[in-house]
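As a plain string of letters, each chain reads:
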Amino acid sequence: SWDKSTQPITQPLLIKTPDYLTSDSGHMFLAILKFCGDHPTGRTVNITDQTDPIFNLPLKKKELRDECYCQIMKQLTRNPKKTSEARAWKLFWLLCGLMPPSAQLYPHVSRFLSSRSENAMAMECSQRVYRFCI
């Protein structure tokens, strides 16, 4: 399901994610859960301790970029917990300024964001990711 989850994933969300990145994909999603407050976390010293495990993998391994976009969009889909949703938007905002989605995923990201046009963060994310993709 593409709805928000509180459980770690065992398989990448995208079929195109190579099998050898399954473990990295799972680690990335667990870090997203922890950042959003949906999974227990140890005491962290600063924000980069939480964001590095999310963004370092797709920055190093381009094949994980679309997976990262999809994992965060999953946490923004029907998320009943406002604090979790707000933190997921912060992650998405960072992601949209750090790295682009693929040309294949961009239309889906764009549609996802425009479907949430009442959300100021969604509009900021849309502007940030658009700069990569023009």
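Because the structure is a prediction, the values reported are computed rather than measured.

(A) The arrangement of the nonpolar core in detail. With 32 residues, the main nonpolar core has Phe92 and Leu113 as its most contacted residues. No other element matches helix H4 (residues 82–98), which puts six residues into this core.

(B) A look at helix H2 (residues 47–60). Along its 14 residues, H2 runs 20 Å from first to last C-alpha, staying within 8% of the 20 Å computed at 1.5 Å per residue. Where H2 bends most, at proline 53, the angle is about 40 degrees. Every buried residue belonging to H2 is among Gln50, Thr51, Ile54, Phe55, Leu57 and Pro58, and all of these are buried. As for H2, its buried residues are in contact with helix H1 (22–36), helix H3 (65–75) and H4.

(C) Fine view of H1. Over its 15 residues, H1 runs 21 Å from end to end, which matches the ideal 21 Å to within 8%, given 1.5 Å per residue. Where H1 is concerned, the buried positions are Thr22, Asp24, Ser25, Gly26, Met28, Phe29, Ala31, Ile32, Leu33, Phe35 and Cys36. On its buried face, H1 sits against H2, H3 and H4.

(D) Spatial organisation of the side chain of aspartate 66. Its location among the elements puts aspartate 66 in helix H3. Side chain to side chain, aspartate 66 and lysine 16 meet in a polar contact 2.7 Å long.

(E) Quick look at a nonpolar patch on the surface. On the surface, a cluster of nonpolar side chains totalling about 220 Å² of accessible area is made up of Leu59, Leu94 and Leu98. In this fold, leucine 94 is placed in helix H4.

(F) Fine view of the packing of aromatic side chains. One pass over the structure, following the stated rule, counts four aromatic pairs. Geometrically, the ring pair formed by tyrosine 69 and phenylalanine 92 is edge-to-face, given 5.6 Å between the ring centres and 80 degrees between the ring planes. Of this pair, tyrosine 69 sits in helix H3 while phenylalanine 92 sits in helix H4, and the two are 23 residues apart along the sequence. Note on tryptophan 89 and phenylalanine 92: the rings are 6.1 Å apart at their centroids and 80 degrees apart in plane angle, and the pair reads as edge-to-face. Linking tryptophan 89 with phenylalanine 92, this pair stays in helix H4, spanning three residues, or about one helical turn. The residues tryptophan 89 and phenylalanine 92 share a single accessibility class, namely buried. An aromatic cluster is defined as three or more aromatic residues linked by ring pairs; in this entry it consists of Tyr69, Trp89, Phe92 and Phe112. Looking at arginine 87, its charged tip hangs above the ring of phenylalanine 35, at a distance of 4.2 Å from the centre. The ring of tryptophan 93 has arginine 128 sitting right over it, with the charged end atom 3.5 Å from the ring centre.

(G) Here's a closer look at the state of the cysteines. Inspection of the entire model under this criterion finds zero disulfides. Left unpaired, cysteine 36 is separated from the closest cysteine sulfur, that of cysteine 68, by 11 Å. When its relative accessible area of 2% is taken as the criterion, cysteine 36 is described as buried.

(H) Region of the structure containing the pattern of salt bridges. Summed over the entire model, instances satisfying the criterion amount to six salt bridges. Several salt bridges converge on common partners, so that one network encompasses Lys4, Asp38 and Lys81.

Cut-offs and rules
Residues numbered from 1 in each chain as written. Predicted model: local features only at pLDDT ≥ 70, side-chain atom pairs only at ≥ 80, totals over all residues. Heavy atoms only, no water. Core = buried A, V, L, I, M, F, W, Y, C linked by side-chain atoms within 4.5 Å. Buried < 20%, exposed > 50% of the residue type's maximum accessible area, 1.4 Å probe, protein only. Helix = DSSP H or I, 4+ residues; strand = E, 2+ residues; numbered from the N terminus. Expected span 1.5 Å × (residues − 1). Bend = angle between axes of the 7 residues up to and from the residue. Contact = heavy atoms within 4.5 Å. Polar contact = N/O pair within 3.5 Å; in protein donor to acceptor, adjacent residues only side chain to side chain. Patch = residues over 30% accessible without salt bridge, like charges linked within 9 Å, V, L, I, M, F, W, Y side chains within 5 Å. Areas by Shrake-Rupley, 256 points an atom, 1.4 Å probe, with all protein chains shown as cover. Salt bridge = Lys/Arg side-chain N within 4 Å of Asp/Glu carboxyl O. Phe/Tyr/Trp six-rings, centres within 6.5 Å; stacked < 30°, edge-to-face > 60°. Lys NZ or Arg CZ within 6 Å of the ring centre and 35° of its normal. Disulfide = S-S within 2.5 Å.

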